[in-house]
Amino acid sequence: MEIIGQQIRITSLTEQDMDFMSKLECDASLWTFEETVETKVEDAKEKYRSHFPVEGETPYAYDFVIRRLNDPHETPVGMVQMWSYVDFRKSWEIGFAVLPEYSGKGYGSESIRLLLQFAFNELQAHKVVGMCNAENVRSAALMQHVGMTREAVFKEELWWQGKWTDQCFFSILDREFKHEMDVRR
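A short tour of the structure in this document, coming up. (Residues numbered from 1 in each chain as written. Predicted model: local features only at pLDDT ≥ 70, side-chain atom pairs only at ≥ 80, totals over all residues. Heavy atoms only, no water.)

Following the criterion strictly, the structure yields 8 aromatic pairs and no others. For the ring pair Tyr 62 and Trp 92, a centre distance of 5.8 Å and an interplane angle of 55° mean the geometry is tilted. Here Tyr 62 is found in strand β3 (residues 61-68), whereas its partner Trp 92 is found in strand β5 (residues 91-98), with 30 residues between them in sequence. The same class applies to Tyr 62 as to Trp 92, namely buried. Both rings, one in Phe 154 and one in Phe 169, keep their centres 5.6 Å apart while their planes meet at 80°; by these two values the pair is edge-to-face. (Phe/Tyr/Trp six-rings, centres within 6.5 Å; stacked < 30°, edge-to-face > 60°. Helix = DSSP H or I, 4+ residues; strand = E, 2+ residues; numbered from the N terminus. Buried < 20%, exposed > 50% of the residue type's maximum accessible area, 1.4 Å probe, protein only.)

Given below as structure tokens:
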């Protein structure tokens, strides 16, 4: 699957992308606000392979690689993903990462908007959520920038850098996303 935006396109993760995705997943410098970071490349690959669609089954996760439209080498610049959060409530959770050399160019926000569009239009999601360490102000700002609302702060939810740290919970509803898209037109 491929979803095309103005600057970037997001493509479903394939076996050919596995080296990039597993290195990204295991790069502790990219995940400085996470409680844990995968250290074994093969374990990361197996995790992502388990998300590959199985014929006859509804996927519970979607992993996409972010690429710039104008790049003839099709260099991956990050990833955006979504997994079922509460199935019977039709809610999904998002995650994202953009390599530092490509950050600040709008690729993250555009990829999240494309993912939200997919969630609400194709998957008929009712709600999409995202969470981040309260110290991760860039992640929080990005979620708010794409129209998500900070709903809650879970006090001392994460064990991070030897201390308990708060976690912020963001969300956007189907009707809020559609209103946001109407306003942008």
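Time to look at the state of the cysteines. What the rule picks out here adds up to 0 disulfides. Cys 132 takes part in no disulfide bond, and the closest cysteine sulfur to it belongs to Cys 168, at a distance of 5.0 Å. Among the residues examined, Cys 132 registers a relative accessible area of 5% and is labelled buried. (Disulfide = S-S within 2.5 Å.)

So, about unusual backbone geometry. At Glu 156, a residue that is not glycine, the phi angle is positive and equals roughly 45°. Relative to the helices and strands, Glu 156 is located in strand β7 (residues 149-160). Of note, the phi angle at Gln 161 is positive, near 50°, even though the residue is not glycine. Assignment of secondary structure puts Gln 161 in the loop between β7 and β8 (163-173).

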